[in-house]
Amino acid sequence: MPLASCVARIAALLILLHGTARAEPWKKARPGVTTEAQLRILFGEPDSRGSEDGTWVLDYQGQSSPAGTQRARFTVDARTRRLKRIDIFPTRPLTRAAVEAQFGAACGEAGRSRKPCYTVKATSDSSLYFHYASRGLAVFFSGGAVHAMSYLPPARGRRALTASVAPPPELALGTPASQDTAPRGKAVTVAGPSGEDETIPADGSGLVPLEEPAGSAPTTAASLDLAVPSTLDGESTSAPPDSPAPGLDLSPRPAVVSDPASPQTSVAPAPGSGTESPVAATAEAQEEEDPLHPSAFLKVPELLTLGGFYLQRAELSAVQRAMTARTGVDPAFPALLDVYLDFKPFDGLRSFAVGRMAYDPVDPALSTPVTSLDRLWIYFGLFDHVFVTVGRQHIKWGSSKVWNPTDFLRARNPDPLFLYDLRQGVDMVKVNVPWEEMAANLWVIGTAALDDTPGGLGRARYGGAVRMEVALGTSELALSSAFQEGRRPRYGIDYSVGLGRMDFNAEVALIQDADVSLWEGAPGGGFTEWKLDGLQVQASGGAQLELRVADTFKTVIRLEGFYNQVGSDDRRMLTWLQTVGDFQPLYFGRLYGMAQVAVTARNVYEPTTTLTLLGNVGDPSYVARLDINASRLRDVTVAAFVEVPFGERGGEFRFQPDPLVAPMAPVDLGLFRAGINVRLRL
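Treat the numbers as computed from the prediction; the structure is a model and nothing was measured. (Residues numbered from 1 in each chain as written. Predicted model: local features only at pLDDT ≥ 70, side-chain atom pairs only at ≥ 80, totals over all residues. Heavy atoms only, no water.)

Asker: Help me understand the overall build of the protein chain in this model?
Answerer: Assigned secondary structure in the protein chain consists of seven helices and 31 strands. For the protein chain, with 682 residues in total, the buried portion stands at 47%. Taking all contacts inside the protein chain whose residues are at least 6 apart in sequence as the whole, residues at least 24 apart take part in 59%. Carbon together with sulfur atoms contributes 62% to the accessible area of the protein chain, which is approximately 31600 Å² in total. (Helix = DSSP H or I, 4+ residues; strand = E, 2+ residues; numbered from the N terminus. Buried < 20%, exposed > 50% of the residue type's maximum accessible area, 1.4 Å probe, protein only. Contact = heavy atoms within 4.5 Å. Areas by Shrake-Rupley, 256 points an atom, 1.4 Å probe, with all protein chains shown as cover.)

Okay, structure coming up:
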């Protein structure tokens, strides 16, 4: 009996192991296995990070999208912090033959095969997709071309025959990543992937949001009046005249074998017909003989990618003139053009450059176009364990939305409510050492910059930083420190946690000096420079709640606050700081607060309406802002806003200089500001 019981248990274990399938990986990211921290190691910081129904969504697009894609979307379980789904939108057209050569041919009549195979299914509007159930892969077609690919945990057994895959959600289908509906990623990010298994070229534009009825059975050829391209140039081929029904030919097609000695193209007989040719007819053998076979393109990365975006803004500011007390309107039409070059000769080596040009015909400082270098870096890996990025690059620390006191290496963002962060990169050497088993990262950074202070004489100032991140269940902890020549060390701690539909975050910075000179009131009524004695605290934190109304509207409510021990509530100090050039917006006061409500309608346009109230509580002065962001086309984003300041006159958001403090040019009093922004992806 003990022997029989042991044998039975071993047999059950073998059956269980045989039926266990691992999800299909994409660029080393595997659903069910890869953690959120590992995703940021592989792909860097996302353009947006939002929460949806107990999941977090990391959205990469434009310049940050992985090689070979126009957009990539990773869905992470908020409880386990592990990857649930990958949705990618490739960049170049992909044929059915290429898909079959890479992932497998169609399944037989029973829908089963020893090798990976697909069944053809259709969404509610008859758009096709191939479902590789054993691989956990769905390939979505529209108009005869691949538009998106989704990677999920695989299905086995009977469930593989009836399982269906929902198309990528509407959020990934051409709508702007306009609002972070959850705290942004806390980590410092590498600028590119640390190594990729494959590049899948295809065109990912224009996928229509669809839903497939739950539990729908595989669609047959007779039910589809559609065609999928089967030629190398992507032209669609319809079913032959003698086919039983119009539509897609689901039968496994014979491989086309090119004979260099003959202008004719021969067709390899189907297996089992008794007339097999000795010439290799499998996709693998054909790939070796024909370098122009579509499957060969799947393994050839794009060496050089050229792109960018154009941002045109039109704004009107209504002000009360300081000299005449009359109301006037000041227009502004700033334009911004970013052009990037992305060079990737092979996996593990990448170079990226972004040039920027700013122009405003009504601004004297920008009436002549001003050019600058936004990013220029080279990235490489060492022994698959150390990843280095050298050059000018973007970096962001901190989990709060508006105030990031632990973001030690970058200048303060003067307009955190704007749709895009327009700050330029930082010159540095960044070394990342991941510890995947512990879901941890170590970042070691060295910086260099010219000293532009009056006594700096243009010499270089060197510095560095160290940051350690670790995922603890549904929370994440980051410890950081920064050092710079001529400055005292700074220390930071950042913690965030998700509990159901709520997210909480806090970050605390311990500083001994500031980015600008600090001042305090003098006994005689003037101001003297303030030398800090000991550690001072800057802390921000927030709470966020996501709600859904009848699955039609998604509402995100966020509260955030900031305490600044080195700040001041004296409005007279504002005039002095403006005079000497040491004023920093949103970091002048001692206590700030923000309340924000974002409502997204789930339709084809998917507009997002955001109402924000932000203010200096100790001043007190405030600003109310309404943003409406929408997009009909995938590469075009339109955003409009209106903001109105209110509160005590002379405060931070309703500033007018005090002539008793220092002589200063008159400043108009702002009444409201409105504008519209159009962003075109090039």
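Asker: Quick question: what am I supposed to make of the packing of aromatic side chains here?
Answerer: By convention here, two paired aromatic rings are described through the distance between centres and the angle between planes. Per the counting criterion, the structure on display carries 22 aromatic pairs. Taken together, a centroid distance of 5.4 Å and an interplanar angle of 65 degrees make the contact between Y118 and Y132 edge-to-face. Remark: Y132 occurs in strand β6 (residues 128–132) and Y118 occurs in the loop between α3 (96–103) and β5 (119–122); sequence separation between them is 14 residues. The class of Y118 is buried, set by a relative accessible area of 1%. When the ring centre of F418 is taken as reference, the NZ or CZ atom of R313 above it lies at 4.4 Å. (Phe/Tyr/Trp six-rings, centres within 6.5 Å; stacked < 30°, edge-to-face > 60°. Lys NZ or Arg CZ within 6 Å of the ring centre and 35° of its normal.)

Asker: Explain unusual backbone geometry to me, please; I cannot follow it from the model alone.
Answerer: With an omega dihedral of -20 degrees, the bond running from D619 to P620 counts as a cis peptide bond. Residue placement: P620 occurs in the loop between β28 (608–616) and β29 (621–630). Non-glycine residue A325 carries a positive phi angle of around 65 degrees. Inspection of the secondary structure puts A325 in the loop between β11 (304–320) and β12 (327–332). The backbone phi angle of L586 is positive, close to 70 degrees, even though this residue is not glycine. Relative to the assigned elements, L586 resides in the loop between α7 (572–580) and β27 (591–601).

Asker: Sorry, what's going on with the confidence of the model for the protein chain here?
Answerer: Caution applies to low-pLDDT regions: their predicted coordinates should not be interpreted in detail. Averaged over the protein chain, the pLDDT score is 75; the fraction of residues at 70 or greater is 71%. Considering only residues more than four positions removed or in separate chains, one finds that residues 13–20, a stretch of pLDDT under 50, has one contact. A low-confidence stretch, residues 170–300 stays under pLDDT 50, and its non-local contacts, those more than four residues away or across chains, total 322 contacts. (pLDDT = per-residue confidence, 0-100.)

Asker: Quick question: what am I supposed to make of α3 here?
Answerer: Structural remark: α-helix, 3.6 residues per turn; residues separated by three or four positions point the same way. Counting buried positions along α3 gives eight out of eight residues, so the element sits mostly inside the fold. Regarding α3, the residues found buried are R96, A97, A98, V99, E100, A101, Q102 and F103.

Asker: Explanation requested: the pairing of strand β2 (residues 55–61) in the structure shown.
Answerer: A regular strand carries its side chains on alternate faces of the sheet. For β2, a buried count of seven out of seven residues is recorded, marking the element as mostly surrounded by other parts of the structure. Side chains of β2 alternate between two faces, with T55, V57, D59 and Q61 and W56, L58 and Y60 buried alike. Where β2 and strand β3 (residues 69–77) come together, seven bridges link them in antiparallel fashion. Counterpart to Y60 in the pairing with β3 is A72. (Pairing = 2+ DSSP bridges.)

Asker: Teacher, can you tell me more about the pattern of salt bridges here?
Answerer: Once their charged atoms are close, side chains differing in charge can pair, the charge on each being opposite to the other. Evaluated as defined, the whole model comprises 28 salt bridges. Across the salt bridge formed by R85 and D87, the nearest N and O atoms sit 2.9 Å from each other. Per residue, the accessibility class of R85 equals that of D87, and both read buried. Ionic pairing is found between D515 and R487, a salt bridge with its closest N-O pair at 2.8 Å. On the criterion of sequence distance, the pair formed by D515 in the loop between β22 (502–511) and β23 (519–521) and R487 in the loop between β20 (475–484) and β21 (490–499) is long-range, its members being 28 residues apart. (Salt bridge = Lys/Arg side-chain N within 4 Å of Asp/Glu carboxyl O.)

Asker: Sorry, what's going on with the nonpolar core here?
Answerer: Within soluble globular proteins, side chains that are nonpolar generally end up buried alongside one another. In this structure, F74 and V139 are the most contacted members of the largest nonpolar core, which totals 29 residues. Listing elements by their share of this core, those giving two or more residues are α2 (36–43), β2, β3, β4 (83–90), α3, β6, β7 (137–142) and β8 (145–151). For V139, the residues in contact, after removing those within four places along its chain, are V99, L128, Y129, F130, Y132, V146, A148 and M149. Among the nonpolar cores identified, the runner-up in size contains 20 residues, and V402, L574, Y592 and F653 belong to it. (Core = buried A, V, L, I, M, F, W, Y, C linked by side-chain atoms within 4.5 Å.)

Asker: What exactly am I supposed to notice about a nonpolar patch on the surface here?
Answerer: Judged by side-chain polarity, V433, W435, M438, L442, V444, V466, M468, L479, F483, Y491, I493 and L535 come together as a nonpolar surface patch covering roughly 1000 Å² of accessible area. Where the nonpolar patch is concerned, the elements lending two or more residues are β17 (426–435), β18 (440–450), β19 (460–472), β20 and β21. For L442, the position within the fold is in strand β18. (Patch = residues over 30% accessible without salt bridge, like charges linked within 9 Å, V, L, I, M, F, W, Y side chains within 5 Å.)

Asker: How should I be thinking about the pairing of strand β13 (residues 335–346) in this particular structure?
Answerer: Pairing analysis gives nine bridges linking β11 to β13, with the strands arranged antiparallel. Pairing of Q312 across the sheet is with A335, part of β13. For β13 and strand β14 (residues 349–359), the ladder comprises 10 bridges, and the chain directions are antiparallel. Each residue of the ladder has a partner; that of D342, found in β14, is F352. As consecutive antiparallel partners, β13 and β14 are separated by two residues, and within that stretch G348 has a phi angle of approximately 95 degrees, a positive value.

Asker: Could you clarify how one ought to interpret the side chain of T34 in this entry?
Answerer: Mapped onto the fold, T34 is located in the loop between α1 (2–19) and α2. Within polar-contact distance, the side chain of T34 engages the backbone nitrogen of R30 at 2.8 Å. When sequence neighbours within four positions are dropped, the list of residues in contact with T34 reads K28, A29, L39, R81, R82 and L83. (Polar contact = N/O pair within 3.5 Å; in protein donor to acceptor, adjacent residues only side chain to side chain.)

Asker: Any chance you could explain the environment of G561 here in plain terms?
Answerer: Positionally, G561 belongs in strand β26 (residues 553–564). With 33 residues separating them in the primary sequence, G561 and M594 have C-alpha atoms 6.2 Å apart. If sequence neighbours within four positions are ignored, G561 has contacts with W403, A539, S540, G541, Y592 and G593.

Asker: Whenever I open this one, the side chain of E652 confuses me. Can you help?
Answerer: As for its position among the elements, E652 is in the loop between β30 (636–647) and β31 (669–681). Buried within the structure, E652 lacks any salt-bridge partner; R571 is the closest side chain of opposite charge, at an N-O distance of 11 Å. Engagement of the side chain of E652 in a polar contact is seen with the side chain of N616, the distance being 3.0 Å. (Lys, Arg positive; Asp, Glu negative; His and termini not counted.)

Asker: Explain the environment of V329 to me, please; I cannot follow it from the model alone.
Answerer: Take V329: it is sitting in strand β12. A C-alpha to C-alpha distance of 9.9 Å links V329 and G670, two positions 341 residues apart in sequence. Sequence-distant contacts of V329, that is, excluding residues within four places in its chain, are made with L316, S317 and R321.

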